[in-house]
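The chain contents come next:
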Amino acid sequence: MIDKSKVKERVLELHRLINIHSHNYHSLDAPTINDHEYDALFNELLDLESKFPQHKYSYSPSQRVGGKPLEGFKKVEHIAPMLSLDNAFNNADMTDFNKRLLDRLVGEEVVAFSCEPKLDGIAVNLSYRNGNLEIATTRGDGKVGEDITHNIKTLNSIPLSLLNKNSELPNFIEIRGEVFIEKKDFDLANTKASDEGTKTFANPRNAAAGSLRQLDPAVAASRPLKFFAHGIGHIEEGSFELPGSQSELLKLYKSWGLPINPLSTVAEDITACEDYFQKVSSDRENLPYEIDGVVYKVNDLKKQISLGQVSRAPRWAIARKFPAEVGTTTVKKISFQVGRVGSITPVAEFIPVNIGGVSVSHASIHNFDEIERLDVREGDVVKIKRAGDVIPQIISVDKNKRKKGSQKISLPKRLPCCKNDLIKIEGEAILRCTAGLDCPAQKTGSLIHFVSRNALNIDGLGERIIDLLVEQGLVVNFADLFRLRKENIINLEGFGEKSATNLINSIQSSKETTLSRFIYSLGIREVGEATAMNLALNFNNISNFIDASDEDLLEINDIGPVASRFIREFLSNEENTNLVKDLLSLGVNPREIEIKNDNPFSSKLIVITGSFSTIARSQLKEELIRVGARVSSSVSSKTDYLVAGDKPGSKLSKANELGIKILEEAEVLSLLKN
Ligand code: IVH
């Protein structure tokens, strides 16, 4: 029997040994012990953990699989935001990028870059505390992601505890990287899915995303997901000192047992970057995974810090994208889809064609004018372009190959799904269905929007279930969702006791929401997320919003006459206001925005100009409004402060002329903090 005082020590030693052997096996392809020896270590750990559950740690190698499915995803704020990248599409863009860097890095004549393939996967953040994986999150909106630790733990190549052979470990670090699925594994997974009659994925990126957004870790465990680390978020250095460059950081990650893309290298200058791009372009076909370009990062980490960021992208990095890929195929059918607010989008269905490893079978044709411009018809041979995530587009029609007797596509008068007329509004290229919520497609579209991620975010309520609920007459409008009982859905196709309970629970928990999400969820035309936030900040609570007059709306910065007309139209329709009241009486609770009034900005009229390095302009604006400021877009004698970022332009000179107090980024942020 093991001495109780030694259990912890032995358990941790077993973690260390298993982690090293697992890394040798899964990441290096170079095991140094055989399977039996490995199993013996693992069994010893399992045995100790079952006898001494107090030593079963969340980062134990035994905890990779077998966790219970979660009820929902927890939101987690990233300590350092997860940024995106600016794009360069040609050499001129690269020359400009290099020039911008040299202009800012005063005294430097040449910049060296870390060059890395740009994986077409899913960005994730891994937070390690004292070397142990604490939490793994998706990128989300860059500020807040979702907790996917249960799924990430199933990736054998991601260490649950960092190996620390030669270096100290930081107390806390956010490691950023990409989860992806290799092309061959994607094909295998899709063949299996179609054999089993389950959903196939459009491309490897969707397959990886779909696997990570699962509540049950068994799904991710069954998919061969891979990971490459490529960046850093927040670090609490303590006794630990970061290396001086991105390339050394990648080496350090490697020594900690994290997989690094072996094609990463250093280019001493921008010309060497172009050589790297050519080399990777020609190897692209043969790589086991999909890439959509390469990433160049200023190699020196101190220089990265001094360069900072603009809006949501760092100044020190750029994605050099591959050109869009083109394929040729035949149009099988052109049909019309009805959007949430009645807009009709023509959709072309093709004989599937493989473009850059992705099977393309549909393209949306922007609008009806585009059909006329292209004169595309059923049976036509067309050229299609696919670029990254963008929906494929028809670029041209080969009229020489057109079959005799082909029919020009004419404006449909009505759609098969509803008997109402379609209209084309003067001056708009878009065709609309006039039926509003009487049109079944619009009704489901608006419900899908209402429950979507950035609206009420009702987990587990997708298009299929909404279709089913509408079809069964269980749901006619948004409020009906909150009237659903378990008994109503338990017998529907695909439901059981557990899934019915889960769905009701997630509907109920969506009642606690924010005012901006609530306004956005109503699906008012021209009211996207930013406008909804603006409305929430200005009206504070839902009853103020319902009572908003035209003048109130027009006074709000950024809400123009068009949006204001749609909002008024929405609010003046009693059916809509009754629906909102119904939602509130069913317990939907859009939280009021609390505005603090005890600070230097309250009631002040502020104008923001230029760009900022540590905060997005929209966020700065939001924070100022939150503390009671009024933010306007033009400088006048009434302006109290001008907040000036980089390249402030004419507003700065005007403010100076008028003697208005100018605040710089650092000053505003520090005042906001206090
Ligand atoms: S660095 C601040 N490096 O590209 C820099 N990103 O368009 C942020 N990506 O969200 C990312 N490979 O998911 C970086 N070697 C690489 C990458 C990479 C793929 C993705 C990443 C990011 C997106 C930005």
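Residues numbered from 1 in each chain as written. Predicted model: local features only at pLDDT ≥ 70, side-chain atom pairs only at ≥ 80, totals over all residues. Heavy atoms only, no water.

I'm lost on the side chain of Lys321 in this one. Help?
Take Lys321: it is sitting in strand β13 (residues 317–321). Comment: no salt bridge for buried Lys321; closest opposite-charge side chain is Asp292, at 4.2 Å. Once you skip the residues sitting within four places of it in the chain, Lys321 turns out to touch Asn87, Ala88, Phe89, Lys118, Phe277, Asp292 and Gly293. (Helix = DSSP H or I, 4+ residues; strand = E, 2+ residues; numbered from the N terminus. Buried < 20%, exposed > 50% of the residue type's maximum accessible area, 1.4 Å probe, protein only. Lys, Arg positive; Asp, Glu negative; His and termini not counted. Salt bridge = Lys/Arg side-chain N within 4 Å of Asp/Glu carboxyl O. Contact = heavy atoms within 4.5 Å.)

I would appreciate a short explanation of the pattern of salt bridges in the present structure.
A pair can form between side chains of opposite charge whenever their charged atoms are brought close. For the structure shown, the criterion picks out 34 salt bridges. Salt-bridge contacts for Glu146 lead to Arg453; the nearest nitrogen and oxygen are separated by 3.7 Å. In this pair, Glu146 sits in strand β6 (residues 144–146) while Arg453 sits in the loop between α12 (440–451) and α13 (463–471), placing the two residues 307 residues apart along the sequence. Note on Glu146: relative accessible area 4%, which makes it buried. Its relative accessible area of 40% is what places Arg453 among the partly exposed residues. Across the salt bridge formed by Glu569 and Arg565, the nearest N and O atoms sit 3.4 Å from each other. Of this pair, Glu569 and Arg565 both sit in helix α21 (residues 561–572), four residues apart, roughly one helical turn. The exposure class assigned to Glu569 is partly exposed, which follows from its relative accessible area of 44%.

Before we go on, may I ask you to explain the sheet that holds strand β4 (residues 122–129) in this structure?
What links the strands of a sheet is backbone hydrogen bonding, and the strands pair in either a parallel or an antiparallel sense. Taking strand neighbours across the sheet as the criterion, the four strands line up as β5-β4-β7-β8 in an open arrangement whose pairing is antiparallel. Every interior strand has two partners, whereas the edge strands, β5 (132–138) and β8 (225–236), have only one. With direction set aside, neighbouring strand axes in the sheet form an average angle of 25 degrees. Direction of pairing for β4 relative to β5: antiparallel, over a ladder of six bridges. Paired with Leu126 across the two strands is Ala136, which belongs to β5. Contacting β4, β7 (172–181) and β8, helix α6 (residues 204–212) runs over the sheet at an angle of about 130 degrees to β7. Sitting on the sheet, helix α8 (residues 246–255) is in contact with β7 and β8, with an inclination near 115 degrees to β8. (Pairing = 2+ DSSP bridges. Axes fitted to C-alpha atoms, helices over the stretch in contact; angles between N-to-C directions.)

In this structure, what is going on with the site of the ligand? I would like to understand it.
Every one of the 13 residues lining the ligand counts as a neighbour, but Glu116, Leu119, Ala123, Glu178 and Lys297 are closest to it. Contacts to the ligand include Glu116, whose side-chain N or O atom sits 2.9 Å from a nitrogen atom. Within the side chain of His230, one N or O atom sits 3.5 Å away from a nitrogen atom of the ligand. Across the complex, the protein chains shield 86% of the 520 Å² of accessible surface that the ligand would expose by itself. Broken down by secondary-structure element, the contributors of at least two residues to the shell around the ligand are β3 (113–119) and β10 (291–298). A total of four residues in the shell around the ligand trace back to one element, the largest contributor, which is β3. Its residues assigned to classes, the shell around the ligand shows eight nonpolar, one polar and four charged. (Near = heavy atom within 4 Å. Polar contact = N/O pair within 3.5 Å; in protein donor to acceptor, adjacent residues only side chain to side chain. Areas by Shrake-Rupley, 256 points an atom, 1.4 Å probe, with all protein chains shown as cover. Nonpolar A, V, L, I, M, F, W, Y, C, P; charged D, E, K, R; others polar.)

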